[in-house]
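Overview (structure and organization)
Chain by chain, the residues:
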Amino acid sequence: MSDIYIHTKDLCFSYTDADGKIEHPALNGISVDIREGEYVAVLGHNGSGKSTFAKLLNLILEPTSGTLIIGGVELTGRELSDEEVLQLRKNVGMVFQNPDNQLVATIVEEDVAFGPENLGVPMPELRRRVDDSLSAVNMLDYAHHEPHRLSGGQKQRIAIAGVIAMMPKCIIFDESTAMLDPSGRREVLETIQMLNKQHGITVLNITHYMNEAAMADRIIVINDGKLLLDGTPDEIFTKRELLQSVGLEVPQCAALIHELRTAGIDVEGTCISNVESCAEIIAEYYAKTNLHREEQDV
Amino acid sequence: MYKIYLEHVSYIYGQGTPFEKKALDDVSLGIREGCMTGIIGHTGSGKSTMMQLLNGLATPTEGRVLLDGYDINSRPEDLLEEWKRLPEYKNLSKGAAKKAIKREVLRRKRELCFRVGLVMQYPEYQLFEETVFKDIAYGPQNMGLSEEEISKRVREAARFTGIEEELLDKSPFDLSGGQKRRVALAGVIAMRPEVLVLDEPAAGLDPRGRDYIFEGISHYQKTTGSTVLIVSHSMEDMARYCDDMVVMAEGEAKLHGSCKEVFSKVSTLSEVGLDIPQITQLMTLLRKKGLAVAEDIYTVEDAVLALRKLLQKGKGES
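All of these numbers come straight from a predicted model, not from anything done at the bench.

A word on the overall build of chain A
- What chain A contains, in helices and strands, is 11 helices and 10 strands.
- Based on the C-alpha atoms only, the size of chain A along its principal axes is roughly 80 × 50 × 40 Å.
- The buried share of chain A, taken over its 298 residues, is 43%.
- Considering only contacts within chain A whose residues lie at least 6 apart along the sequence, 64% involve residues at least 24 apart.

This is the structure:
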C-alpha cells in the first residue's frame, strides 16, 4: 500500500462575516486520509463544504482548528513561512470551474509558463516543462495560439498544463467540467485519468456529475461540513436513499438496479457504478431465469 | 399549430470579412405551441445563434422567423406596404408616415422582448438589485405595469420558481447559487412570456438545484400553456422533461421530432458528438447480449417497466 499523502484530523473551518463575527462552520471536523496516487471524487450539494475543503488543502484558506498534514509536513498549529506555503502550492495544484478565470497570458505557452516562471525555473528547463506539459494534455499544436480563441475544453486543458508545469504531486479539480459541453468534458476527464494512471498524480475531483464520480477509485461525500460517506463508487451508490436525502443521486444504471430490486427482481452483483457491469448483472440474471424455465419445460 | 416557425433561416457572422462564418444554414423548423422543446447540439452547432434569433437579439441574414405566423423582424419597407392598404394612411404626410413607421418598428421590437423571454447562461450573474423583490420586478416595471400588478406578478413568479416569501426582502447576493438562479428565472417569468427560451438552465447546479429549476419551468409551462425552448447538453434532462427535441449540428437541424423519435436514431446522435443517456446505452448493451428490450428507452422508469416484464416473465412461467 502506498504512503498517505494527505492526512486530516478533525479539520474545521468557519468563515467570518463582514463584522468579524464567526459564522456557522463550513467544515466541521473532517478526518480523512488520501494515499499517494489515489483518484478520489468528492461529492456534496452546493454549500456542503466540499469547495472549502479543497481550499484548505491548497492553503487558500487556513484551518480554524484540527490537523492537516500534506506530504509528511504538518501545516497546522504553527506559523508557516512564505516558502513553505509556496512549496505546498507547488505540490498541490488546483484547477477551477471557469476556464476564463484562470488563464492569464495572451499566448498559450506563456500561460503555461506562468507558474514555473514564478517559481524561478531557469530557461532550458522552463522550455522543456512547458512543452512536456502541453504534450501531456495533447495541446502542443496550440502552443502559439491565443487562449481566448480556444474551446472551453481546450482552455481547461491549458489550465491543467499550467498546473502540471509546476510538477505537482496532487491536483484538485473544483468542478472543472461544470461549464463544458460533453466533448469538452470528455477531453478533460480523459486528461485527468491519464495524469492519475500514467503520471501517478494524486487526484481530487470535486463534481456534481455522478457518472464522473463513478470513474474514481474512491468517493467521499461531504454533507453539512462533515464526512458522510467514504468508499468505492460501488459501495457509495448502494446507499441511494441516504444520497437522495442530502440532495445527491446515483447514476441512472445504479438507480435501475435499485428499482429492479425493489420490484422483487433480485439481480445479484455489487458492481453497479458503470454501464458495462450493470449490463452484465442484468444479462446474467436473465440467463439464469431463462435456463430455469427451460429446465422446467423439459 | 406552430408557435414559432423558422423559414429557410440562415445566419452568417462577420459577412464579407475574413472571419465570415455560417452559423445557421437554411434551417426550416416549426416549434409546437404549448410544448417543451429541447435543443441539443455541441458547441458551435448553431443552437445559441438560433436562440438569439427568436427574440430579435439577432436578425437572420436570410429567411424569416415567424411568431404566431407573423415575421418578428418587420422592416420599415414591409410596414409601408402594409400601411398603404389602410385608409388612414392617405391622410399622413410622407414625413409623418416615416416617423410613425419608425415608432411602430421599435414598438414591435420592444413588445417582442416581453413576449419571448430569454434566460441566458448563468443568469445569476445578471442580478443587480438591492432585494430579490426588486430584481424580479425589473422586467414588469419596464413593461409599464401598475404597482399592484407588479407586486402580483412578482409573487406569482416567485411561487412558480419555489422562492419563499421571506426571501423577497433579502439581497439576492446573500442567496445560494441555486436560489440565485431561480430568482433570475423568476425575473423573466414575471413578464409572463408566451415563449420562454432558456440556455443551459441547470449548468453547474447540484442535482437538487437542477430538479428545482426544471420543476419551476415545467410548472410555469403547464399552468400558462406557454411554449418553452430549452438548450441543453444533458440528454438525460431532456428525456425527462421535454416533449419534442431538435438536434443541431453544423448549422442545420439534423433531427426533429418527439423525444422517442429522436432517441431512436441513436447512431446519428453519436455521430454529431452528443452523449446518449446512460440508460439508453445500457439498453443497447443488453440488446447485444440477446435481451429483447425496446430501442426507445431513455428514462429509468421506462427501463424498469421493460425489464420487469422481461425478467419476471421468466419467473412467472416457471
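There's more to say after this.
What about the overall build of chain B?
- Within chain B, the regular secondary structure consists of 12 helices and 10 strands.
- With respect to the three principal axes, the spread of C-alpha positions in chain B is 90 × 50 × 40 Å.
- Within chain B, contacts between residues separated by at least 24 positions form 67% of all contacts whose residues are at least 6 apart in sequence.

Digging into the interface of chain A and chain B
- If you look at the interface, chain A gives 38 residues, while chain B gives 37 residues.
- Of all elements in the fold, only α6 (182-199), α10 (252-262) and α11 (275-297) of chain A reach the threshold of two or more residues within the side of chain A that touches chain B.
- In terms of residue count, the dominant contributor to the side of chain A that touches chain B is α11 of chain A (13 residues).

Some thoughts on the sheet that holds strand β2 (residues 27-35) of chain A
Residues and elements named next belong to chain A.
- Here four strands make up an open sheet; going across it, the order is β2-β1-β4-β5 and the pairing antiparallel. Of all the strands in the sheet, just β2 and β5 (73-74) have a single pairing partner and so form its edges.
- Taken together, the five bridges between strand β1 (residues 4-13) and strand β4 (residues 65-70) define a ladder with antiparallel strand orientation. Paired with Lys-9 across the bridge in β4 is Thr-67.
- Seen against the sheet, helix α1 (residues 50-57) touches β1, β2 and β4 and runs at an angle of roughly 120° to β1.

A short note on the domain arrangement of chain A
Residues and elements named next belong to chain A.
- Annotation of chain A at the domain level lists domain 1 (4-250) and domain 2 (262-297).
- Using C-alpha coordinates to define each centre, domain 1 is positioned 38 Å away from domain 2.
- With five residues of domain 1 in contact, the opposing surface of domain 2 contributes five residues.
- Residues belonging to the side of domain 1 that touches domain 2 are distributed by class as follows: three nonpolar, one polar and one charged.

Points about the packing of helix α4 (residues 132-142) of chain B against helix α5 (residues 147-160) of chain B
Residue and element names in this part refer to chain B.
- Between α4 and α5, the least distance of the axes is 9 Å, while the angle of their chain directions is 120°. By the angle between their directions, the pair α4 and α5 is classed as oblique. The chirality of how α4 crosses α5 is right-handed. Contacts between α4 and α5 involve Phe-133, Ile-136, Ala-137, Pro-140 and Gln-141 from the former and Ile-150, Arg-153, Val-154, Ala-157 and Ala-158 from the latter.
- Within the contact of α4 with α5, the residues separate by chemical class into eight nonpolar, one polar and one charged.

Observations regarding the domain arrangement of chain B
Residue and element names in this part refer to chain B.
- What the domain assignment lists for chain B is domain 1 (2-71 + 107-274) and domain 2 (277-318).
- Domain 1 and domain 2 are separated by 34 Å when their C-alpha centres are compared.
- Between domain 1 and domain 2, the residue contacts involve nine residues of the former and six residues of the latter.
- Those elements that place two or more of their residues in the side of domain 1 that touches domain 2 are α8 (235-241) and α9 (259-264).
- Of the residues contributing to the side of domain 1 that touches domain 2, the split by class is five nonpolar, one polar and three charged.

Some remarks on the nonpolar core
- Within the largest apolar cluster, 162 residues are counted, with the highest numbers of intra-cluster contacts made by Leu-256 of chain A together with Ile-136, Ala-186 and Val-197 of chain B.
- With residues near it in sequence (within four places) discarded, Ala-186 of chain B still touches Ile-136, Ala-157, Ala-158, Phe-160, Thr-161 and Ile-163 of chain B.

Topic: the sheet that holds strand β7 (residues 170-174) of chain A
Residue and element names in this part refer to chain A.
- Here six strands make up an open sheet; going across it, the order is β6-β7-β8-β3-β9-β10 and the pairing mixed. Edge positions in the sheet fall to β6 (92-95) and β10 (226-231), since each has one partner strand and no second. Across this sheet, the average inter-strand angle for adjacent strands is 20°, counted without regard to direction.
- Pairing analysis gives five bridges linking strand β9 (residues 218-223) to β10, with the strands arranged antiparallel. Opposite Ile-222, over in β10, you have Leu-227 as the bridge partner.

Here's the deal with the packing of α10 of chain A against helix α11 (residues 278-288) of chain B
- Where α10 of chain A meets α11 of chain B, the axes come as close as 8 Å, and the angle between the chain directions of the two elements is 70°. Here α11 of chain B runs roughly perpendicular to α10 of chain A, going by the angle between their axes. Taken together, the residues of α11 of chain B that come into contact with α10 of chain A (itself represented by Gln-252, Cys-253 and Leu-256 of chain A) are Gln-278, Ile-279 and Leu-282 of chain B.

A few points about unusual backbone geometry
Residues and elements named next belong to chain B.
- Positive phi values are uncommon outside glycine, yet His-8 reaches one of about 45°.
- Residue position: His-8 is located in strand β1 (residues 2-13).
- Even without glycine at this site, Asp-68 takes up a positive phi of about 50°.
- Given 14 C-beta atoms within a 10 Å radius, Asp-68 is considered partly exposed.

Considering helix α7 (residues 207-224) of chain B
Residues and elements named next belong to chain B.
- The first and last C-alpha atoms of α7 sit 26 Å apart over 18 residues, in line with the 26 Å expected at 1.5 Å per residue.
- Inspection of α7 places Gly-209, Arg-210, Tyr-212, Ile-213, Phe-214, Gly-216, Ile-217 and Tyr-220 among the buried residues, and these make up the whole buried set.
- The inward-facing, buried residues of α7 contact α5, α6 (177-189), β7 (195-199), β8 (227-231) and α8.
- Count one or two residues on from α7 and you reach Gly-225, which has phi positive near 70°.

A few points about helix α1 (residues 47-54) of chain B
Residue and element names in this part refer to chain B.
- The buried count for α1 comes to seven of eight residues, which makes it a mostly enclosed element.
- Among the residues of α1, Lys-47, Ser-48, Thr-49, Met-50, Met-51, Leu-53 and Leu-54 are the ones counted as buried.
- Gly-56 sits one or two residues past α1 and shows a positive phi near 80°.

Remarks on the confidence of the model for chain B
- Summarising the model, chain B shows a mean pLDDT of 88, and 96% of its residues fall at 70 or more.
- Two numbers describe this predicted complex: its pTM, 0.82, and its ipTM, 0.80.

Notes on the environment of Gly-30 of chain B
Residue and element names in this part refer to chain B.
- Along the chain, the position of Gly-30 falls in strand β2 (residues 21-32).
- On the basis of neighbour counts, which here come to 16 C-beta atoms within 10 Å, the residue Gly-30 falls in the partly exposed class.
- Remark: the alpha-carbon pair of Gly-30 and Lys-180, spanning 150 residues in sequence, is separated by 33 Å.
- Sequence-distant contacts of Gly-30, that is, excluding residues within four places in its chain, are made with Tyr-2 and Tyr-5.

Section: the environment of Asp-230 of chain A
All names here are of chain A.
- Mapped onto the elements, Asp-230 comes out in strand β10.
- Using a count of 16 C-beta atoms within 10 Å as the deciding quantity, one classes Asp-230 as partly exposed.
- Setting aside chain neighbours within four positions, we find Asp-230 in contact with Val-32 and Ile-220.

Procedures and definitions
- Residues numbered from 1 in each chain as written.
- Chains lettered and ligands numbered in written order.
- Predicted model: local features only at pLDDT ≥ 70, side-chain atom pairs only at ≥ 80, totals over all residues.
- Helix = DSSP H or I, 4+ residues; strand = E, 2+ residues; numbered from the N terminus.
- Buried ≥ 20, exposed ≤ 12 C-beta atoms within 10 Å, placed from the backbone.
- Contact = placed C-beta atoms within 7 Å.
- Pairing = 2+ DSSP bridges.
- Axes fitted to C-alpha atoms, helices over the stretch in contact; angles between N-to-C directions.
- Domains from an automatic or database assignment.
- Nonpolar A, V, L, I, M, F, W, Y, C, P; charged D, E, K, R; others polar.
- Parallel < 35°, antiparallel > 145°, perpendicular 65-115°, else oblique.
- Left-handed = near helix turned anticlockwise from the far one by under 90°.
- Core = buried A, V, L, I, M, F, W, Y, C linked by C-beta atoms within 7 Å.
- Expected span 1.5 Å × (residues − 1).
- pLDDT = per-residue confidence, 0-100.

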